[in-house]
Amino acid sequence: MSPGSVALCLLLMQTGIYGFEIDRIQLILDLFRSKPANQKHEHITERAILNTTLQACRALALADGKDFSFPPQPFTVESVAAACQSKSSKRFHQSIKLIQRMNRLVDARHVFDPEYHFDNEKFAEGRRIITGGLAVVKASNKEMNFEAAREKLGEIIHPLQDFYTHSNWVELGNTLPNTNLIRSGTSIGNTAALSRATCRKCNGNDCRNNILEDIKREKILTSGYFNPFGRKPKGKCSHGGFFDVSRLLKPKGGINKDKMTAEHGHLHTEAANMAVAATSELLEDIRGAAGDRTFLQMMGISGEALCFVIDTTESMSGDIAAVRTITSSIINSKVGTEDEPSVYILVPFNDQDFGPLMRTTDPNIFKNAINSLSAKGGGDLPEMSLSGLQLALTGAPPNSEIFLFTDAAAKDSHLRSTVNALIECTKTVVNFMITGRGLFRRRRQIGNDQQQQQSRLATSDAQLYRDLAQTSGGQTIEVTKSELPEAISIITESSSSSLVTLLQAARSPGKAENFTFTVDESVKNLTVHITGRSVTFILISPSGVSQQSTNTAGSLITASQTVGNFKTLNLKTEVGLWEMKMVSTNPYTLKVVGESSIDFLFDFLEASEGPFGGFNVIDNRPRAGSNGTLLLTVTGSTSATVTEVILVETSGSGNVSGNVTAVGGGDYLVVFNGVPSEEFVVLMKGQNSNGSSRSSGTFQRQSTSSIKASTLTVTVDDTNGVFAPGETFSVPFSVKTSSAGGNFTIRATNNRGFTSTFPSSLVLDTGGSANGTVNLTAPVTTTSGTEVTLTIEAESPGEADTNYLVLHLAVLKTVTDFTEPLCKLLSLQSNCTENCSLSTWKISVQVTDKANGTGIDRVSLRQGNGTMNTSLAAGNESIMLVSYTASCCSPDVELLVVDGVGNVGSCSYSVRQTSTSSSQAPPQAPTAAPVVSFSTKAFQSFLLCIGITILGLNLPLEMGIN
């Protein structure tokens, strides 16, 4: 057994598996709960993600010379995030939930499409869905478009998992996954002809032996037919289950293994094991194509994004210089720490243009990009600030923080609702850094008789930024040019991947009001941010000590800074209930933050209009005038319990409390008797059993971005979301109102500036709906893997109400290269002796893609502690030469080879025995086989190392193949 197989064996032995239930009928609690013996798509997906993520984190740690320890089993999102040195598990949770959700949506969107479930013997069609989607995932990852990658990953995992519960793969005696399901141009097995009978009727309720003996003897693949109307070809197996009426036709019965009580439920555990292994195999292939760091970014396991949107007109030259200086300081202080940004994003804009978006994981490249910015042009004052912000919102990860620098108003204020939609959808915080009172400069360029009118206009310009910041939970900081460096330093240095919001409120006009917030033992670096002029307050600690804003020598505020209209207070961290008495009647915003692992995610739900009911996640604004249902997930703690969830008006005192029900795994279902009509945030309160007392165990968290209910809904017909460069892609959509009818304004924008057509308005009757289509054309020069964020908005007459839908589409060139790269060993030299530390060995390898392939994109070390160098062959850029030198104490090496479209191969060599991962290749010219943790050799080695067989039912439920 190879060292890699031993490592795989040790990892696999730590994990557990339960059965899985693939049911198309989901009542709301069934979405989150299952019987102990049944495993759903969500559980399989999470277990596979946790294992593959641990593998990637371990590989990175070892490559950096660091120790790595696996967390105790069973693995959890929190324990894996901690093992991977992530300060917060929130983004990891969010990524997993999106993948799970897209997996689950396949049942809702494609319930009668057999190819999405490998029903009706649709094997070739099902594989095309998997391999086509896999190409999208790999291309999207290459362009760092992770949201599109996650969505498509969830879609293709569903049919992959269904193969093992809906087909007879397990019944044929197979003990390993069908690796060829994720590869085009290969055989997935002998499939039954349409005219060939595959089943006999069940013996009453006993369907254990209903598959015909000749089908099993000849290893013929078949799957059950699913038809609620009762039709199927003669002699074919049925899927089975209550909604499959075809099960009542001869031959009666079914073969699905969806759960323990299904017709073939006796093989449920084996199918579950296969599905977990197959999902892990798919994830390992994606990991190999992307590389470990990119894979972890896709999974949301990495840190914060540092995102700047910068006005580059001539008047901003001093601001850019300040950003340049402070950026270097910030980066230098965070590189190598837990708060090191995982990605750096820069979007420039001016009065004529905006972009392009620059995105990198290299801090030095980001510094160089900032340094290369030059201030020039301008003159008409308003700038393309919202266009630049739109580009940043679509390019940054969800839950990011964006800093926009400008000294002028927005020329493109028509994008206000689009930007609002993207802020709500991504839950991103936007901070506006406004300098030099640039929004008011136009007053000085006109006659005195127009100053009053322009003053009102300038105030409106500034209010646009304030409103967007308030919606996002950010700040609008208005400072002079000379004050900007201090303001940047204060707000960016306080950012952290583990930053949580305890309280947030805005009052305009201001008013005297008392606010309370609870600080728990997990909170560190307690900070208060206040924006406004001449804002006064009284702060009272849990122990009753008070300090006024005018008292700089009090004991509660350990440090304070004021710059422009922005004040920040560092508080003594005292556990318990704090009170902030705002005295000022000037407009202000108040935000209390701290660092803590405990946070939460949430989504609003609505009843599904599909044939089997259940609930769907609302992608946009919740419905006004009706009850609300919210799914909340606590992150960062396995001991925290939620006691209250409240919808609190952002600018008022109104609130609605919900009825909270725990549904397991840190998830809570919250039902509200109505949703506020004004903008609101979600406030969560609970208890953490790790606290030393009831008081210290009480915690409070609040969402950052605000939400507003709507009487409109915008929906789209299901689409695969993929189109080619040069193609026009059609997106049919529907707008529905629960209020008065009329002429509704329609807007459709995309972040790439692609040409599009759509109806500018739709006429709706009262309580009615209307349909439209957006046609979007990708230029022929569009890079494969480009993500297009399409925002469709509907606005009621009089601008009284709006709602939106945000879609992530992918542009992908047709993939014709499905062959893994090839390796050829040119030489192996060694002078190894018994004292391995005094000797070395080295190899020379030629790596090529096929004649019409896409070329070698990357060669890296999957295993080995030596030094690797690569170079292109003289006169032939399609051939790469690899040299590797290592100590004889490190006798094994595995090269990971990726071509231009993400086909992954590996070559394994040893100073003890030269070998290859493909047993069919001659030793002198080893051929790379796909690198997957569940490749046939590794999987067989795993079975040998623990001495069990799956099909023999010797595998206990608590020990599995995850």
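Residues numbered from 1 in each chain as written. Predicted model: local features only at pLDDT ≥ 70, side-chain atom pairs only at ≥ 80, totals over all residues. Heavy atoms only, no water.

**Here we look at the packing of aromatic side chains**
Aromatic rings in a pair are described by how distant their centres are and how their planes are angled relative to each other. The tally for this structure, following the rule as stated, stands at 18 aromatic pairs. Arranged with centres 6.0 Å apart and planes meeting at 10 degrees, the rings of Phe517 and Trp578 form a pair that is stacked. Placement of Phe517 in strand β10 (residues 513–519) and of Trp578 in strand β16 (residues 576–582) is noted, with a sequence separation of 61 residues between them. A relative accessible area of 0% means that Phe517 is categorised as buried. (Phe/Tyr/Trp six-rings, centres within 6.5 Å; stacked < 30°, edge-to-face > 60°. Helix = DSSP H or I, 4+ residues; strand = E, 2+ residues; numbered from the N terminus. Buried < 20%, exposed > 50% of the residue type's maximum accessible area, 1.4 Å probe, protein only.)

**Some remarks on helix α12 (residues 385–395)**
Along α12, eleven of the eleven residues are buried, which leaves the element largely enclosed by surrounding structure. For α12, the set of buried residues is Ser385, Leu386, Ser387, Gly388, Leu389, Gln390, Leu391, Ala392, Leu393, Thr394 and Gly395.

**Notes on the nonpolar core**
Counting 84 residues, the largest nonpolar core has Phe92 and Leu153 as its most contacted members. By residue number, the principal contributor to this core is helix α2 (residues 41–63), which donates nine residues. Residues within four places of Phe92 in sequence aside, it is in contact with Ile49, Leu50, Thr53, Val77, Val80, Ala81, Met299, Gly300 and Ile301. The next biggest cluster of nonpolar side chains, apart from the first, holds 28 residues, and it includes Ile320, Ile330, Tyr344 and Leu484. (Core = buried A, V, L, I, M, F, W, Y, C linked by side-chain atoms within 4.5 Å. Contact = heavy atoms within 4.5 Å.)

**Here we look at the packing of helix α4 (residues 90–109) against helix α6 (residues 146–166)**
In contact at an axis separation of 7 Å, α4 and α6 are set at 50 degrees when each is read in the N-to-C sense. Judged by the inter-axis angle, α4 sits oblique to α6. Considering only the axes of α4 and α6, their crossing is right-handed. Contacts between α4 and α6 involve Ser95, Leu98, Ile99, Met102, Asn103, Val106, Asp107 and Arg109 from the first element and Glu147, Arg150, Glu151, Leu153, Gly154, Glu155, Ile157, His158 and Gln161 from the second. (Axes fitted to C-alpha atoms, helices over the stretch in contact; angles between N-to-C directions. Parallel < 35°, antiparallel > 145°, perpendicular 65-115°, else oblique. Left-handed = near helix turned anticlockwise from the far one by under 90°.)

**Quick notes on the sheet that holds strand β14 (residues 557–563)**
Ordered in space as β9-β17-β11-β15-β14, the five strands form an open sheet in which the pairing is antiparallel. Strands with a single pairing partner mark the edges of an open sheet, and in this sheet they are β9 (499–507) and β14. When the angles between neighbouring strand axes are averaged without regard to direction, this sheet yields 15 degrees. As judged from the five bridges shared by strand β11 (residues 524–531) and strand β15 (residues 566–571), these two strands associate in the antiparallel manner. Across the sheet, residue Ile530 finds its bridge partner in β15, namely Lys567. This element, helix α15 (residues 484–493), spans β14 and β15 of the sheet and lies at about 140 degrees to β14. (Pairing = 2+ DSSP bridges.)

**Some thoughts on the environment of Gly785**
As for its placement among the helices and strands, Gly785 is situated in the loop between β32 (769–777) and β33 (786–795). Residue Gly785 is classed as buried on the basis of its relative accessible area, which comes to 1%. Spatially, the C-alpha atom of Gly785 lies 7.9 Å from that of Lys138, the residues being 647 residues apart in sequence. Beyond its immediate chain neighbours, meaning those up to four positions away, Gly785 contacts Ala139, Ser140, Glu143, Asn145, Val811 and Leu812.

**So, the state of the cysteines**
All told, the structure shown has six disulfides when counted by the stated rule. Through a disulfide, Cys57 is tied to Cys84; the S-S separation comes to 2.0 Å. Handedness of the Cys57-Cys84 disulfide follows from its S-S torsion of about 105 degrees: it is right-handed. Of this pair, Cys57 sits in helix α2 while Cys84 sits in the loop between α3 (77–83) and α4; the two residues are 27 residues apart in sequence, bridging distant segments of the chain. Bridging Cys202 to Cys207, the disulfide has an S-S length of 2.0 Å. Looking along the S-S bond of the Cys202-Cys207 disulfide, the torsion reads about 105 degrees, which is the right-handed sense. Residues Cys202 and Cys207 agree in their burial class; the two are buried. (Disulfide = S-S within 2.5 Å.)

**Comments concerning the pairing of β9**
As a general feature of sheets, a regular strand has side chains that alternate between the two faces. Burial of β9 is extensive: eight of the nine residues sit out of reach of the surface. Note that β9 and strand β17 (residues 588–595) share eight bridges and pair antiparallel. The residue bridging Ala505 from the neighbouring strand is Leu590, located in β17.

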